[in-house]
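# Structural overview
Here is how the chains run, residue by residue.
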Amino acid sequence: MSEKTHEYWMGRAISEAGKAQAKNEVPIGCVIVRAGKIVASGHNLRETTQDPSAHAELIAIRKAARKLGSWRLLETTLYVTLEPCIMCMGAIILSRIPTVVFGCYDPKGGAVGSLFDLSDDCRLNHSVQVVSRIMEAECSALLSDFFADLRKRKRSERLAMIP
C-alpha cells in the first residue's frame, strides 16, 4: 500500500471541519497522524462549549495525549485546515509535535507566519517543521462560505425584526 499524502490527511481534517460547520461552529478541523494512522481528531467547539480554548488543535492534542499515554507527541504530524493561532502553536510546541501541515493562512490570528512565526523561534526549546497551503483553496472556501452565510443570516434576522 502506498504512503498517504498530505492531501489525503488534509482531506480528513476538512471532514472534521465539516463536523464543526454542522454544529454552526467555525469550520476548522484537525487530525493528528502517527505511523500512517489518525491517533486523534478534533474540530472547533468554542460556541458549543462556550470555551475559548476549544480550538480544533487543542481538542485533538488532548485526545492524542490520552490515547498515546504521553504529553510528548513525538513522531506525529498535525494537520489543520487553518494556520494555528498563538495559543495552538504554544500547545503544539509544548507537546513536541514535530510537524504541522495547514491549509490556509490566517492573516488576523496566525502564528506560523501571518502575524507571528512561533514555529522556528530560536528562543523556544522546540521548533516545528511547517508545510503550508495544502488544499488551500478548499480550506479557504470553507471559511469564506461559512462567514458569507453567517452574514446573510444575520442580515435576514435584522430585516425580519423591522416592522
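Residues numbered from 1 in each chain as written. Predicted model: local features only at pLDDT ≥ 70, side-chain atom pairs only at ≥ 80, totals over all residues. Heavy atoms only, no water.

In the nomenclature of an unreviewed UniProt entry, the chain is known as tRNA-specific adenosine deaminase of Pelotalea chapellei. Heading Sequence similarities (unreviewed entry) of the UniProt record for the chain holds this comment: "Belongs to the cytidine and deoxycytidylate deaminase family. ADAT2 subfamily." (UniProt positions renumbered as here; feature names shortened; annotations may be inferred.)

When the UniProt feature table is mapped onto this chain numbering, "domain: CMP/dCMP-type deaminase" (unreviewed entry) sits at residues 4-115. When the span residues 4-115 is considered, its composition is 38% helix and 22% strand, and the gap between its end C-alpha atoms is 31 Å. (Helix = DSSP H or I, 4+ residues; strand = E, 2+ residues; numbered from the N terminus.)

This next bit is on the packing of helix α3 (residues 56-68) against helix α4 (residues 86-94). For the pair α3 and α4, interaxial distance at closest approach is 9 Å and the crossing angle is 20°. The angle between α3 and α4 falls in the class roughly parallel. Between α3 and α4 lies a crossing whose hand is left-handed. Here Glu 57, Leu 58 and Ile 61 of α3 lie close against α4, whose contacting residues are Met 87, Cys 88, Ala 91 and Ile 92. The residue inventory of the contact of α3 with α4, partitioned by class, reads six nonpolar, no polar and one charged. (Axes fitted to C-alpha atoms, helices over the stretch in contact; angles between N-to-C directions. Parallel < 35°, antiparallel > 145°, perpendicular 65-115°, else oblique. Left-handed = near helix turned anticlockwise from the far one by under 90°. Contact = heavy atoms within 4.5 Å. Nonpolar A, V, L, I, M, F, W, Y, C, P; charged D, E, K, R; others polar.)

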